[in-house]
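Structural overview for review
Residue-level listing of the chains:
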Amino acid sequence: DEVMAVNLKGVFFATQLFANHCRSAKRPGKVINISSVHEELPFPHFTSYCMSKGGIKMMTRNLAIELAPFGITVNSVAPGAIETPINKNLLNDPAKLNSLLGNIPLKRLGTPEDVANMALFLASDESSYATGTSFFLDGGLTWNYQEQ
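Here goes a summary of the coordinates provided. (Residues numbered from 1 in each chain as written. Predicted model: local features only at pLDDT ≥ 70, side-chain atom pairs only at ≥ 80, totals over all residues. Heavy atoms only, no water.)

**As for the overall build of the protein**
Quick note on the threshold: In this description a helix means any DSSP run of H or I spanning at least four residues, a strand means any run of E spanning at least two, and both kinds are numbered starting from the N terminus. For the radius of gyration, the atoms used are the C-alpha atoms, and the globule rule reads 2.2 Å times the number of residues raised to 0.38. Here the term buried applies to any residue with accessible area under 20% of the maximum for its type, exposed to any over 50%, and partly exposed to those in between, with areas from a 1.4 Å probe on protein chains only. In this analysis, two residues are considered to be in contact whenever any of their non-hydrogen atoms come within 4.5 Å of each other.
For the protein, the helix and strand inventory stands at 6 helices and 3 strands. Secondary structure of the protein in N-to-C order comes out as α-β-α-β-α-α-α-β-α. Taken over the C-alpha trace, the protein has a radius of gyration of 16 Å; the compact-globule value for 148 residues is 15 Å, and the two agree within 12%. Taking the principal axes of the C-alpha coordinates as reference, the protein spans close to 55 × 35 × 25 Å. Going through the 148 residues of the protein one by one, you find that 38% of them count as buried. Considering only intrachain contacts with a sequence separation of at least 6, the fraction spanning at least 24 residues in the protein is 71%.

So this is what it looks like as structure tokens:
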């Protein structure tokens with residue numbers, strides 16, 4: 001319940017407030033959700049996380065259609081393995097890190113800047129025709145994934 005409340009319901013209610021504000025102000029807007037490669041890839045023993053991110057994927061698609069008439073685009077950034085403190089155990093275990101890097105065609109972890117740059121693109125006018133899409137930032141992991 002906690003994972004779904006934060007990862008899915010929190011995003012839904014924040015989007016609802018933002019969309020209502022945009023509509024009241026009669027201005028366009030951009031919703032940028034943070035999802036995960038696990039909206040698409042199974043992650044054994046993390047079912048609730050995968051469920052929440054799968055929900056983000058479908059919510060992004062659905063709200064993109066619902067909000068398009070108001071000039072509001074809705075997209076998701078779906079990071080793979082990103083070099084952040086949450087991955088401390090992975091980063092400090094050469095065997096696990098090398099195993100993961102073996103599944104990433106670009107042979108590196110992503111950085112927080114990689115994620116921020118995609119969000120900046122989606123917030124810019126250059127992405128004005130993109131809506132209802134998940135943008136995977138995973139170095140090719142999603143399409144090269146092998147069960148770990």
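**Quick notes on the environment of Lys-30**
To keep it simple, the criterion reads: In protein, a polar contact requires one atom able to donate a hydrogen and another able to accept it; more generally it is a pair of N or O atoms within 3.5 Å, and residues adjacent in sequence count only if both atoms are side-chain atoms.
Checked against the element boundaries, Lys-30 lands in strand E1 (residues 29-34). Look at Lys-30 and you get partly exposed, because its relative accessible area is 24%. Sequence spacing of Lys-30 and Leu-63 is 33 residues, and the spatial spacing of their C-alpha atoms is 11 Å. Dropping the residues within four chain positions of it, Lys-30 is found in contact with Phe-18, Thr-73, Leu-122, Ala-123, Ser-124, Ser-127 and Ser-128. A polar contact of 3.4 Å, which involves the side chain of Lys-30, links it to the backbone oxygen of Leu-122. Polar contacts involving the side chain of Lys-30 include one to the side chain of Ser-127, which spans 3.1 Å.

**Some points on unusual backbone geometry**
Not every positive phi belongs to a glycine, and Lys-26 is a case in point at roughly 55°. For Lys-107, which is not glycine, the phi dihedral falls at a positive 60°. Following the sequence through the fold, Lys-107 ends up in the loop between helix H4 (94-101) and helix H5 (112-123). Residue class for Lys-107 comes out exposed when judged on its relative accessible area of 51%.

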